[in-house]
Amino acid sequence: MSEDRIAVLICSWGAGEPGAFDLEPLRSFAASMDGVLTAQLIERMCSEKGQKDAVKGLRESGADRFVVAACSPKTKSWLHRSIATAAGLHPLAFEVANIREGAAYVHARDLGPRKSEVIIRMAVEKVRLWSEPPFEEEMPACRSVAVVGEGLTAALAARDLAAQGLETDIIVPGPGFASPSSYIFINRAQRESALKVMREVALHPLVRTHLHTKVRSCEGRPGDFELILEAEEGPRALECGAVVLAPEPCNELRGLDGSLAPEAEDLISLGMRRIVILPGGPSSGTGCSCMTPRGLLYALEAASMTPGIEIRLLGRELRALGSMEEVQHGAQRRGVRFHRIEAEPSVRGQGPYTVEFHDPLVGACSVPADLVLVDSVTVPRAGELASVFRLPLDEKGELMSIESRLRPGETVRRGIYVCRYRVGNMIYEDVALEAGAAASRASELLLRGAMEIGGTVAEVEAEKCSVCLGCVRLCPYSAARIGEAGKAVIDVELCQGCGSCVSLCPSKAIDIYQYGEAQIIAQERAALGRSR
Amino acid sequence: MKRVAVIGGGIAGLTASLSLRERGVTSVIIERGMSLGGLCGELGCKGDRTCVRCDACLAREKATEVSSCPEIESIKEAEVVSLTGAPGDFRVTVEGPGLNGGRRTVRAGAVICATGAEPFDAGLDRRLGHGEVQDVLTSMELERGMMSTGAINVPSTGTPPRSVAFIQCVGSRDERFHAPYCSGYCCKSSFKQAQAIRAKVPTCSLAFLFMDWRLYDPKENVRLWASGQEGVEMVRSRPSEVIVAEDGRPEVRFSSEGDADVRSRAFDLVVLALGLRPSSGAAQLARILGIETDGCGFMRSLTEDPCSSTRAGIFLAGSCRGPKDILESAKEGATAASRALAFLEVGE
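All figures in this text were calculated on a predicted structure; none of them were measured in a lab.

Thresholds, definitions, all that
- Residues numbered from 1 in each chain as written.
- Chains lettered and ligands numbered in written order.
- Predicted model: local features only at pLDDT ≥ 70, side-chain atom pairs only at ≥ 80, totals over all residues.
- Helix = DSSP H or I, 4+ residues; strand = E, 2+ residues; numbered from the N terminus.
- Rg over C-alpha atoms; globule rule 2.2 N^0.38 Å.
- Buried ≥ 20, exposed ≤ 12 C-beta atoms within 10 Å, placed from the backbone.
- Contact = placed C-beta atoms within 7 Å.
- Domains from an automatic or database assignment.
- Expected span 1.5 Å × (residues − 1).
- Pairing = 2+ DSSP bridges.
- Axes fitted to C-alpha atoms, helices over the stretch in contact; angles between N-to-C directions.
- Arc of directions from axis to C-beta.
- Core = buried A, V, L, I, M, F, W, Y, C linked by C-beta atoms within 7 Å.
- Right-handed = clockwise from strand over helix to strand, strands pointing away.
- Nonpolar A, V, L, I, M, F, W, Y, C, P; charged D, E, K, R; others polar.

**Student:** Would you explain the overall build of chain B in this entry?
**Tutor:** A count of helical and extended segments in chain B gives seven helices and 18 strands. A compact globule built from 348 residues would reach a C-alpha radius of gyration of about 20 Å, and chain B, at 22 Å, matches this within 12%. Taken along the three principal axes of its C-alpha coordinates, chain B extends 65 × 40 × 40 Å. Across the 348 residues that make up chain B, the buried fraction comes to 53%. Restricting the contact set of chain B to residue pairs at least 6 apart, pairs at least 24 apart contribute 63%.

Written out as structure tokens, the structure reads:
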């Protein structure tokens, strides 16, 4: 008998759910394993009562580590951590055996229980070799935030941060905030209030605005970053706990010659009575792109100022979410024409132009136009920000985010948040919420006071490293680099624990916490039914 | 006083409470229903072998997290009956079966209203045959069916469908039902339901009857998906009615682009993609809280600040202020929490 003190907690789920089977035989199987002090069935471990039962079971058994046999560890590991802590154990002293997605959901009735046994056996053998993480510590957080941006989005984020008592530095590359011409305001009052936010933020006692300044590098860890700023008077350092990136795309209606669209009220005096607005925004990859709210608002404005003006909007779909729908109705009532087209239109001539397209409702069309406008979008800084903050770009050239839907605003680097926008649809309200959400994430991180660092990360054994640069090239999160000692090192705060470098390293110099070679081999042996 | 009352335990309210907790602020969630999760808690996972990012799991996870937090109290089966005190020190009185018929008064420095929205009542649009023509389901009924049995079956036969029609914009973009707005979420939801149907019944043919596709995420490109699938049809049309076909199946009548004729086609299953309307208690709650509603009955937010109501100390999050999808609601929850916290900081 070994002296291991392992507990196995099996979450039991409802009889009505897919793949449910009798768990009692599984429990007695687990209880019979070497070093397992106790194996218990816990009814719905994610419920309040289930968590209490689990903590009680762990405390009474005297176990120092445990196996949770339940569903995917991806979604519930925070819960298991809190169970471990409540039972007085190390928060990572557990292993999850996924017997739901891994066995019960996918296998027929007889195979499900058998495979569950194997999965539990593997988890027990793995947790037997569990050790405390090499570094996981609580560090104090610096209560200030750097906001990197050029205009309204940055100002909105800064307003939210300063209002919560956080010191905020806005880093603006230009001579002042850019004018909010890329945004879509539904009325004049909204535009005015946006301008007011920009003025107020600049005067807020907790906000410092650094003009003519760019960020050259960002080192350190979440809660304690050091930015090197490059300003006219030379480089200087800035300490901050978190960073909010608020890059702004430039989104304007432009003529075919690249000039800005004239003000709607000037159209008549310029002799422009027939206007065609071409589809803008990103192409969908399967045909023509869509009509955008920017074009829609311009059309409404022009049509309401100038009766008799002829405006057509072309595109595959008309995108007008929420209250923008009413703008569309208004435009329609004032005679703006919408053509839903499948293929890109063609434009001939040099002004006046002829626009040709195929509208399924009316057939082939050829319309004359004095002015042809197109929605143009440029996102100038994604590449620059990516290299400065060591963030990967996605296939579209935008800053990549991890599971952006579950954790809005987060980038792969903890403590660095990004405001997103819908290209071609920079509606003020959406942007304000995006900035608010990113600011909210930053203040959640800092107002807690302290934060944990480390956990499931890779570590290089310097003596074995042959400096082949494989990990440096491969790491999708730019966490691996060659350190001062001339050997590969992995940045704890960047590493996401994906394990790519571990499997690549020809010298076997890299190990990843919780997935060490010894643990993996123990699991493999258990899978094959061999003992230790 | 650093405590916030959150009205509504859907995704927006749950996110707001959790976000406040991260910043050391306690909160109490007042939920009308029996459990936390709200409308999105009624949705099922639409993933097959891979996640389609329908976000339906988000509410359940957050609800579980909330129930394990000592800093967040939740009062279920209770509704707000009065609000007294002043911004910075409100007294929220709640009443309902969850309090065994009794009342309770909660003190809070600020209030976050996150009461959500309700799906359109398909019975109001009688031409679409819901409740009269068999095998016409609402998108919510389809979700419940998928959730409870894990399978997709035609109600009248109990067998998998061979053909399904999705009718979009039911109770959205429709002035007859005082819903001139676009509900925004239904394009995504139908697309994901369609993917789930194809995953479970690969031979089933699909038809979408839509006005405009409004999917923004480039990864959710319904056209691209449809062009790579056999038997998926896109018809830009608003159907005129759903009637009973000769063989008893639902028959959709519609015209389409390119020809002026009225077409008629029977499907095994017709799904009505429901838009969102203001929650049934919204008007009364707005009166109790002393805040304004907009022309459609949603809570009115300030032009300059989408998460602030027309009264100081009362903040808005999620689809109580207009239709939202799950992720947008979660973002608003976090933003409203920031606003409430900033308000409490100034108050002290």
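**Student:** Got a minute to help me understand the domain arrangement of chain A in this structure?
**Tutor:** How big an interface is tends to be expressed through the accessible area that disappears when the partners come together. Per the domain assignment, the segments of chain A are domain 1 (6-133), domain 2 (140-249 + 379-451), domain 3 (252-377) and domain 4 (455-513). Look at where the C-alpha atoms of domain 1 of chain A and domain 4 of chain A centre, and you get two points 31 Å apart.

**Student:** Even after reading the chapter, I still don't get the environment of Ser217 of chain A, so can you show me in this structure?
**Tutor:** All names here are of chain A. One can find Ser217 in strand β9 (residues 214-221). For Ser217, a count of 15 C-beta atoms within 10 Å gives the class partly exposed. Each residue touching Ser217, except ones within four places of it in the same chain, is listed here: Ile228 and Val388.

**Student:** Please clarify how helix α1 (residues 11-22) of chain B should be interpreted in this entry.
**Tutor:** Along an α-helix, a turn takes 3.6 residues, which lines up residues three or four apart on a common side. All names here are of chain B. Between its first and last C-alpha atoms α1 spans 16 Å; for 12 residues at 1.5 Å apiece the expected length is 16 Å, and the two agree. Here α1 lies mainly inside the structure; 11 of its 12 residues are buried. Of all the residues in α1, the buried ones are Ile11, Ala12, Gly13, Leu14, Thr15, Ala16, Ser17, Leu18, Ser19, Leu20 and Arg21. With its phi angle positive at about 80°, Gly24 sits one or two positions after the end of α1.

**Student:** Is there a simple way to explain the sheet that holds strand β2 (residues 36-43) of chain A in this structure?
**Tutor:** Remark on secondary structure: sheet strands pair via backbone hydrogen bonds, oriented parallel or antiparallel. Residues and elements named next belong to chain A. Strand order across the open sheet formed by four strands is β2-β1-β3-β4, with parallel pairing between neighbours. The sheet terminates laterally at β2 and β4 (94-98), the two strands that pair on one side only. In this sheet, adjacent strand axes meet at a mean angle of 20° when their direction is disregarded. With seven bridges joining them, strand β1 (residues 6-12) and β2 adopt parallel strand pairing. Counterpart to Ala7 in the pairing with β2 is Thr38. Where helix α1 (residues 24-31) meets the sheet, its contacts fall on β1 and β2, and the angle it forms with β2 comes to roughly 160°.

**Student:** Would you mind going over helix α6 (residues 282-289) of chain B with me for this structure?
**Tutor:** Residue and element names in this part refer to chain B. Within α6, the full set of buried residues consists of Ala282, Leu285, Ala286 and Leu289. End-on view of α6: buried residues confined to an arc of 105°, all on one side of the axis. Residues of α6 that are exposed and point more than 90 degrees away from the buried face comprise Gln284 and Arg287. Buried residues along α6 sit in contact with β4 (79-86), β7 (110-113), β17 (276-278) and β18 (314-316). Gly290, located one to two residues past α6, shows a positive phi value of around 75°.

**Student:** Where do I start with unusual backbone geometry in this structure?
**Tutor:** Note on backbone geometry: most residues besides glycine have negative phi, and most peptide bonds are trans. Residue and element names in this part refer to chain B. Phi is positive for Glu77, close to 50°, though the residue is something other than glycine. The backbone of Asp135 shows a phi angle near 70°, a positive value even though the residue is not glycine. Positionally, Asp135 belongs in the loop between β8 (117-119) and β9 (136-138). Assessed through the 22 C-beta atoms surrounding it within 10 Å, Asp135 is described here as buried.

**Student:** How do you make sense of the sheet that holds strand β1 (residues 3-7) of chain B when you look at a structure like this?
**Tutor:** Residue and element names in this part refer to chain B. Read across the sheet, five strands follow the order β3-β2-β1-β7-β18 without closing on themselves; strand pairing throughout is parallel. Either end of the sheet is taken by a strand with one partner, and the two such strands are β3 (72-75) and β18. On average, each strand axis in the sheet is inclined to that of its neighbour by 20°, with strand direction left out of account. By the bridge criterion, five bridges tie β1 to strand β2 (residues 26-30) in an arrangement that is parallel. Looking across to β2, one finds that Val6 is bridged to Ile29.

**Student:** It is not clear to me how the nonpolar core should be interpreted in this structure. Could you clarify?
**Tutor:** Nonpolar side chains tend to gather and get buried jointly when the protein is soluble and globular. By size, the foremost hydrophobic cluster in this structure holds 177 residues, and its most contacted members are Val147, Ala157, Val244 and Ala299 of chain A together with Val111 and Ile112 of chain B. Setting aside chain neighbours within four positions, we find Val244 of chain A in contact with Val145, Val147, Ala157, Tyr417, Cys419, Ala438, Ala439 and Ala442 of chain A. Counting residues in hydrophobic clusters, the runner-up holds 45 residues, among them Met33, Val36, Ala84 and Ala87 of chain A.

**Student:** Explanation requested: the pairing of β2 of chain B in the structure shown.
**Tutor:** The two faces of a sheet get side chains in turn, since along a regular strand they alternate between them. Residues and elements named next belong to chain B. The buried fraction of β2 amounts to four of the five residues, a majority that puts the element mostly inside the structure. In this fold, β1 hands off to α1, which returns the chain to β2; that crossover is right-handed. Bridge count between β2 and β3: four bridges; the pairing is parallel. Among the inter-strand pairings, Ser27 is bridged to a residue of β3, identified as Ile72.

**Student:** Got a minute to help me understand the interface of chain A and chain B in this structure?
**Tutor:** The partner chain B presents 47 residues to the 48 residues of chain A that form the contact. Secondary-structure elements contributing two or more residues to the side of chain A that touches chain B are α2 (48-61), α3 (73-86), α6 (152-163), α7 (188-203), α9 (324-333) and α11 (428-447) of chain A. It is α11 of chain A that provides the largest number of residues to the side of chain A that touches chain B, a total of 10 residues. Among the residues forming the side of chain A that touches chain B, the class breakdown is 18 nonpolar, 17 polar and 13 charged.

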